[in-house]
Each structure stands twice: as C-alpha cells, then as structure tokens.
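Fold and geometry: a report
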Amino acid sequence: MPQIEQIAATYASQIFWLLVTFGAVYFGIGKLMVPKIQAAVESRDQRIAADLAAAEAARRAADETEEAWRVEMDQARAAAQAETTAAKARATAAMETQVKAADGELAMRLAHHDRAVAEAKSAAMGNLEAIAADAARDLVAKLSGAQVSPEAANAAVRRVMVNG
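Model, not experiment: these values are computed from the prediction.

1. Brief notes about the overall build of the protein
- The helix and strand tally for the protein stands at two helices and zero strands.
- Taken against the 2.2 N^0.38 rule, which gives 15 Å for 164 residues, the C-alpha radius of gyration of the protein at 62 Å runs more than 25% over that of a compact globule.
- When its C-alpha atoms are laid out on the principal axes, the protein stretches across 190 × 40 × 20 Å.
- For the protein, the exposed surface amounts to about 13,800 Å²; the carbon and sulfur share of it is 65%.
- When the 18 basic and 21 acidic side-chain charges of the protein are each reduced to a single mean position, those positions are 5 Å apart.

Quick look at the structure:
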C-alpha cells in the first residue's frame, strides 16, 4: 500500500523539522532569554530587598526621632508646669502682700473715721444740750411767760439727760 510506504518518508521529515524547531526554541529560550529573565528577577529581588532594608532603617530612624520628640515634649511640658506653678506661687505671694497692705490701710482709715465719728458725736451731744437748753427756755417763756437763765436751763437739761 502506497499510503503506508509514505509514512516513513513523511514522518521522518516531520520528526526532523520538529527536532530542529524544538532545538531552536530550546536554545533560543533556554540559553538566550532565560538568563536575561533570571537576571531581571534577581535584580528586582535585590532592589526589593534594598528597598525593604531602607524602609526598615527609615522606620527605625522615625521611631527614634519620635521617641526623642516625645522625650523633648515631656520635658517641655514638665518645664511649663513648673513655670506655671512658680508663677502661681509668685502671684499668690504678691496678692497676699497687696491684701495685707490694703487691710492695714483700711484699718488705719477705719480708725481715723471712728475717731471722726466719735468727735462728731461728742460735738453733736454738746450742741444737743445747748439746743435743748435754748428750746427749754423758749418753752418756759411761751408757756409761763417767765424768763429762765441760760445756766439754769443748761443745768436742768443735764439733770434730765443724766437721770433719763
């Protein structure tokens, strides 16, 4: 049969070209392209590792900076608190000094006014006796028509004021 006799010649030619194509693909991809791809992958892995190391170093530096900042802020906060406490103490001391000075001045003014009131009261009482004596003389004169001496009227008013 002629179809079967052709198989060996046809298949031999196809197998030859299959091997040639496979060899070309194998050497083309395996020997030329794969090393370039592996180099690119290794380069990328190295870059990623370097980037990760740099990121870790940056994170550590940021953590150190943050810790230093926190320590500095705590110190500043403590210093501000101490200054505030000192300022409050100074203000309290100044206020107490002013209050004591004002109390002393008010006590002195109050004593002065008390003396003035006592003097005014004494003067008013003296004037009251004189006015009462004059009023008594005028009443006696109007009611009875008799004239009373100023000394007698003053004596009568004093007796009434002392005895009530």
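That shown, we press on.
2. Focus on a nonpolar patch on the surface
- A contiguous nonpolar patch, built from Val25, Ile29, Leu32, Met33, Val34, Ile37 and Val41 and spanning about 590 Å² of accessible area, is present on the exposed surface.
- When you line up the elements, valine 41 lands in helix α1 (residues 2-143).
- Residue classification places valine 41 among the partly exposed positions, given a relative accessible area of 34%.

3. Comments concerning the environment of lysine 142
- For lysine 142, the location among the structural elements is in helix α1.
- Expressed as a C-alpha distance, the spacing of lysine 142 and threonine 97, which sit 45 residues apart in the sequence, is 65 Å.

4. Comments concerning the UniProt feature "transmembrane region" (unreviewed entry) in the protein
- The residues that UniProt annotates with the feature "transmembrane region" (unreviewed entry) are residues 15-34.
- The straight-line gap between the two end C-alpha atoms of residues 15-34 is 26 Å; of that span, 100% is helix and 0% is strand.

5. Concerning the pattern of salt bridges
- Tallying each qualifying case throughout the model produces nine salt bridges.
- Across the salt bridge formed by arginine 59 and aspartate 63, the nearest N and O atoms sit 2.9 Å from each other. Of this pair, arginine 59 and aspartate 63 both sit in helix α1, four residues apart, which is roughly one turn of the helix.
- Given the relative accessible area of 42%, arginine 59 is considered partly exposed.
- Here aspartate 134 ties to arginine 137 by a salt bridge, and the two come within 3.9 Å at their closest N and O atoms. Residue aspartate 134 and its partner arginine 137 are located together in helix α1, separated by three residues, close to a single helical turn.

Cut-offs applied
- For every chain, the first residue of the written sequence is number 1, and numbering continues from 1 along that sequence.
- A pLDDT threshold of at least 70 governs which residues receive local features in this predicted model, and a stricter bar of 80 or more applies before side-chain atom pairs are shown or counted, although totals over entire chains, interfaces and linings include all residues.
- Excluding hydrogens and water, the side-chain values take into account all heavy atoms of the structure.
- Numbering of helices and strands runs from the N terminus; a helix is a DSSP stretch of H or I covering at least four residues, while a strand is a stretch of E covering at least two.
- With C-alpha atoms as the basis for the radius of gyration, the globule rule is written as 2.2 Å multiplied by the number of residues raised to the power 0.38.
- Methods summary: accessible areas were calculated by the Shrake-Rupley approach with a probe of 1.4 Å, and residue burial reflects only the protein chains presented.
- A residue counts as positive if it is Lys or Arg and as negative if it is Asp or Glu; His and the chain ends are not included.
- Think of each charge as sitting on NZ of Lys, CZ of Arg, CG of Asp or CD of Glu.
- Residues forming no salt bridge and having over 30% relative accessible area are the ones grouped into patches, like charges within 9 Å of each other and nonpolar side chains (Val, Leu, Ile, Met, Phe, Trp, Tyr) within 5 Å.
- One side-chain nitrogen of Lys or Arg within 4 Å of one carboxyl oxygen of Asp or Glu is enough to make a salt bridge.
- Type-normalised accessible area, obtained with a 1.4 Å probe on protein chains alone, sets the label of each residue: buried when under 20%, exposed when over 50%, and partly exposed for intermediate values.
- UniProt positions are given in the numbering used here, feature names are shortened, and annotations may be inferred rather than shown by experiment.

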